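Overview (structure and organization)
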Amino acid sequence: MRIDDFIRAVEGEPERAVTWAVRAPSAQTLEAASRSGGMSLTDFLSEPMKVESRRVRFGHVLGPPASREAVEGWHGRRASRQLPVDLLALVERVNGIHLWANLETGRSYAGMAPIEEWDLARVKMYGARADEALLDDRYVALTYHRDGASFVVLDVASGGYFLMDVAGPDESTPIGKNADDLLDWLWRSRIPPRDEGAL
């Protein structure tokens, strides 16, 4: 899917408001937790919580174009890793793709992160001290995931995009070979919000 087609698809899908059940601690629990010394986690979790219905708005959020400084900064930190030209053209139009984002936070359950957040896939998945044997430095994580469970990863050596799970990072789930394939996969993989209904 070309970037212009992707933007049209995003613009053509209207916002949605859904009702979610939200658990909220009582005023007494919050007061006890805020006192000096606080409250043990066990006590906090054993306190009854009231469940409220709440309307939450969702929509698609496309980040503003990446600045020249952001792109140069990424390359400056990773001089040996050149990003594909079509991926750079994408972030120069849209820097961050958050499909069905909670409009209060601007983030989705999973989405394409802005270039400023891209890092070695090994570091994103396992932390800065992760053994290099886990995943080669040629893999760069482009996305975020609320649970940190899986990431869209670019192999800068081949130009291929893959979905990698932290339980077994490998190339067994290819996404495509260019930014158009990446956009197509992001659009097909969006997770629409679900209404839990009023309580």
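Above this text is the structure in question.
Here the residue numbering is sequential within each chain, running from 1 through the sequence in written order. Selection of residues for local features in this predicted model requires a pLDDT of at least 70, selection of side-chain atom pairs for listing and counting requires 80 or more, and totals for whole chains, interfaces and linings are taken over all residues. Hydrogens are left out, water is left out, and the side-chain values use all remaining heavy atoms of the structure.

1. Observations concerning the nonpolar core
Here, nonpolar core means buried Ala, Val, Leu, Ile, Met, Phe, Trp, Tyr and Cys residues that are tied together by side-chain atoms lying within 4.5 Å of each other. The rule is simple: take the accessible area with a 1.4 Å probe, protein chains only, and divide by the maximum for that residue type; under 20% is buried, over 50% is exposed, in between is partly exposed. Of all hydrophobic cores here, the largest spans 33 residues; its most connected members are Leu87, Met112, Ile115 and Trp118. Only DSSP runs of H or I covering at least 4 residues are called helices, and only runs of E covering at least 2 are called strands; the numbering of each starts at the N terminus. Of all the secondary-structure elements, those providing two or more residues to this core are α1 (3-11), α4 (68-77), α5 (85-91), β3 (97-102), β8 (150-155) and α7 (179-188). The element contributing the most residues to this core is α7, with five residues. Residues contacting Ile115, with those up to four places away along its chain left out, are Ala66, Ala70, Val71, Trp74, Leu83, Val91 and Asn95. In what follows, a contact means two residues having at least one pair of non-hydrogen atoms within 4.5 Å.

2. A word on the packing of aromatic side chains
Ring geometry is summarised as follows: Phe, Tyr and Trp rings, the Trp one being its six-membered ring, pair when their centres sit within 6.5 Å, and such pairs are stacked at plane angles under 30 degrees, edge-to-face over 60 and tilted between the two. Scanning the entire structure with this criterion turns up two aromatic pairs. Here Phe6 and Trp187 contribute two aromatic rings whose centre-to-centre distance is 6.0 Å and whose plane-to-plane angle is 80 degrees, an arrangement assigned as edge-to-face. With Phe6 in helix α1 and Trp187 in helix α7, the pair connects residues that are 181 residues apart, well separated along the chain. Taken as a pair, Phe6 and Trp187 share a single burial class, namely buried. Between Trp20 and Phe58, the aromatic rings sit 5.2 Å apart at their centres with planes inclined by 55 degrees, giving tilted as the arrangement.

3. As for the side chain of Asp155
Mapped onto the fold, Asp155 is located in strand β8. Polar contact is defined as a pair of N or O atoms within 3.5 Å, subject to the rule that within protein one atom must be able to donate a hydrogen and the other to accept it, and that residues adjacent in sequence are counted only when both atoms are side-chain atoms. A distance of 3.1 Å separates the side chain of Asp155 from the side chain of Arg138, its partner in a polar contact. Among the polar contacts made by the side chain of Asp155, one reaches the main-chain amide nitrogen of Ala157 at a distance of 2.9 Å. If sequence neighbours within four positions are ignored, Asp155 has contacts with Arg138, Tyr139, Gly160, Phe162 and Glu171.

4. Some points on α1
Turning to α1, its buried residues are Ile3, Phe6, Ile7 and Val10. Buried residues of α1, viewed axially, fall in a sector of 95 degrees; they line one side. Among the structural elements, β2 (49-62), α5, β3 and α7 are those in contact with the buried residues of α1. This arc describes the spread of directions from the helix axis toward the C-beta atoms.

5. Thoughts on the sheet that holds strand β5 (residues 119-120)
Pairing between strands is defined by DSSP: at least two bridges between the two strands are required. On the basis of which strands lie adjacent, the open sheet formed by five strands has the order β5-β6-β8-β9-β10 and antiparallel pairing. What marks the edges here is a single partner per strand, and that holds for β5 and β10 (174-176). Sheet topology note: the β8/strand β9 (residues 160-165) ladder contains six bridges and is antiparallel. By the bridge assignment for β9, Val152 is matched with Leu163. The axes are straight lines fitted to the C-alpha atoms, using for helices just the contacting stretch, and the angles between their N-to-C directions are given from 0 to 180°. Packed onto the sheet, α7 meets β8, β9 and β10 and runs at close to 115 degrees relative to β10.

6. As for the pattern of salt bridges
What makes a salt bridge here is a side-chain nitrogen of Lys or Arg within 4 Å of a carboxyl oxygen of Asp or Glu, nothing more. Scanning all chains against the criterion turns up 11 salt bridges. Note that Arg93 is salt-bridged to Asp4, the shortest N-O span being 2.8 Å. Here Arg93, found in the loop between α5 and β3, pairs with Asp4, found in helix α1; they are 89 residues apart in sequence, far enough to count as distant. Overall, the relative accessible area of 39% leaves Arg93 in the partly exposed class. Among the salt bridges present, the one from Arg122 reaches Asp137, with a minimum N-O distance of 2.6 Å. Taken together, the residues span a long stretch of sequence, with Arg122 in helix α6 (residues 121-126) and Asp137 in the loop between α6 and β6 (139-141) at a distance of 15 residues.

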